[in-house]
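Given next are the chains, with one letter for each unit.
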Amino acid sequence: MQIKPQLLTLYAVTDRGCLDGITLEEAVKEALKGGATLVQLREKDMPLQDFIEEAKAIKRVTDAYGVPLIINDNIEVCLACDAAGVHVGQSDMPAQEVRRLLGADKIIGVTAKTREQALCAQKQGADYLGSGAIFGSATKLDTKKMSMETLDAICDSVSIPVAAIGGICEENVWQLKGHHMSGAAVVSGLFKTADIAASARALKAAMAEICGYTYETK
């Protein structure tokens, strides 16, 4: 399905390893209070049934704020909780197969680290791309940094929106100014902060200005 670039303004990507003393539901609610525009539930090692139950609980939170929920790399979980869509990496199921299984109305995101990967993902039916790691990564230590030139080349090669990802936080977000992404996907720069809602407000305001979007102040 076609999505607006503004949907990626502040893309909150969960990581329970970042949390300190609060539940994932509470953390996601704080991110949404601060204005997160999209949420991805990412669980790499959770048993399937537990993942499904967690996804249903998180979706109740995102539904309350009218924000779509994306499931990382698990079509079965997406269908079980009726999430808005799925995000897949280059080593996961190809986007065209995901589209065949999910149908036309679900959102499909794909990780793209090169212009060629970006063009292939778009051709196969991706609705948006995630590209990085722009500033490295606190959650994926083996991830290579992506240059701003590569990010811009990816953004300029496709007609679908692109979210920059990788180490983005309040301290460095303004370094994205002048570049061509549609938004920022944030993990530890959001969920590892002392005040998640305040961090979300600051990051969303910054990305809205950087990308030229207009939002009502809450």
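Since the structure is predicted, the reported quantities are computational estimates derived from the model, not experimental observations.

(A) The overall build of the protein chain, seen in detail. Check the secondary structure of the protein chain and you find eight helices and eight strands. The C-alpha atoms of the protein chain give a radius of gyration of 16 Å, which matches the 17 Å a tight globule of 218 residues would have. Residue burial in the protein chain is summarised as follows: out of 218 residues, 53% are buried. Here the analysis covers contacts within the protein chain between residues at least 6 apart in sequence; of these, 62% occur between residues at least 24 apart. Of the accessible surface of the protein chain, which amounts to about 10,200 Å², a share of 49% is contributed by carbon and sulfur atoms. Between the mean site of the 23 positive side-chain charges and the mean site of the 28 negative ones, the protein chain shows a separation of 3 Å.

(B) The packing of helix α5 (residues 115-123) against helix α6 (residues 148-157), seen in detail. Contact pair α5 / α6: the axes reach a minimum separation of 9 Å and the direction vectors enclose 25°. In terms of their interaxial angle, α5 and α6 are classed as roughly parallel. Note that α5 runs across α6; the crossing there is right-handed. Seen from α5, the contacting residues are Arg115, Ala118 and Leu119; seen from α6, they are Ala153, Ile154 and Ser157. Residues that form the contact of α5 with α6 fall into these classes: four nonpolar, one polar and one charged.

(C) Here's a closer look at the pattern of salt bridges. According to the stated counting rule, one finds seven salt bridges in the structure shown. With its nearest N and O atoms 2.0 Å apart, the salt bridge here joins Glu54 to Arg16. Residue Glu54 is found in helix α2 (residues 48-64), and its partner Arg16 is found in the loop between β1 (10-13) and α1 (24-33); the two are separated by 38 residues along the sequence. Taken together, the salt bridges that share partners define one network made up of Arg16, Glu43 and Glu54.

(D) Summary view of α6. All of the buried residues along α6 are Met148, Leu151, Asp152, Ile154, Cys155 and Ser157. The inward-facing, buried residues of α6 abut α5, β6 (128-131) and β7 (162-165).

(E) Inspection of the environment of Gly189 at higher detail. In this fold, Gly189 is placed in helix α7 (residues 188-191). Along the backbone, Gly189 and Ile168 are 21 residues apart, and their C-alpha atoms lie at a distance of 5.9 Å. Each residue touching Gly189, except ones within four places of it in the same chain, is listed here: Ile168, Cys169, Ser199 and Leu203.

(F) Representation of the nonpolar core in the model. Membership of the largest hydrophobic core comes to 62 residues, with the highest contact counts inside it found for Ile71, Leu129, Leu151, Leu176, Leu190 and Phe191. Residue contributions to this core peak at six residues, all from helix α8 (residues 196-211). In contact with Leu190, other than residues within four places in its own chain, are Ala12, Ala31, Ile196, Ser199, Ala200 and Leu203. Judged by nonpolar contacts, the second largest core, of 12 residues, contains Val13, Leu38, Ile70 and Ala163.

(G) Broad picture of α2. Compared with an ideal rise of 1.5 Å per residue, which puts 17 residues at 24 Å, α2 spans 24 Å between its outermost C-alpha atoms and is within 8% of the ideal. Among all positions in α2, only Phe51, Ile52, Glu54, Ala55, Ala57, Ile58, Lys59, Val61 and Thr62 are buried. Elements in contact with the buried residues of α2: α1, β2 (38-41), β3 (69-72) and α3 (75-81). Following α2 by one or two positions, Gly66 adopts a phi angle in the positive range, close to 70°.

(H) Quick look at unusual backbone geometry. Residues Gly132 and Ala133 are joined by a peptide bond in cis, for which omega reads 15°. On the secondary structure map, Ala133 appears in the loop between β6 and α6. The backbone of Asp73 shows a phi angle near 50°, a positive value even though the residue is not glycine. Tracing the chain through its elements places Asp73 in the loop between β3 and α3.

(I) Quick peek at the side chain of Lys204. Tracing the sequence through the fold places Lys204 in helix α8. For Lys204, a relative accessible area of 13% corresponds to the buried category. Beyond its immediate chain neighbours, meaning those up to four positions away, Lys204 contacts Thr9, Leu10, Gly34, Gly35, Thr37 and Tyr215.

Parameters and conventions
Residues numbered from 1 in each chain as written. Predicted model: local features only at pLDDT ≥ 70, side-chain atom pairs only at ≥ 80, totals over all residues. Heavy atoms only, no water. Helix = DSSP H or I, 4+ residues; strand = E, 2+ residues; numbered from the N terminus. Rg over C-alpha atoms; globule rule 2.2 N^0.38 Å. Buried < 20%, exposed > 50% of the residue type's maximum accessible area, 1.4 Å probe, protein only. Contact = heavy atoms within 4.5 Å. Areas by Shrake-Rupley, 256 points an atom, 1.4 Å probe, with all protein chains shown as cover. Lys, Arg positive; Asp, Glu negative; His and termini not counted. Charge placed at Lys NZ, Arg CZ, Asp CG, Glu CD. Axes fitted to C-alpha atoms, helices over the stretch in contact; angles between N-to-C directions. Parallel < 35°, antiparallel > 145°, perpendicular 65-115°, else oblique. Left-handed = near helix turned anticlockwise from the far one by under 90°. Nonpolar A, V, L, I, M, F, W, Y, C, P; charged D, E, K, R; others polar. Salt bridge = Lys/Arg side-chain N within 4 Å of Asp/Glu carboxyl O. Core = buried A, V, L, I, M, F, W, Y, C linked by side-chain atoms within 4.5 Å. Expected span 1.5 Å × (residues − 1).

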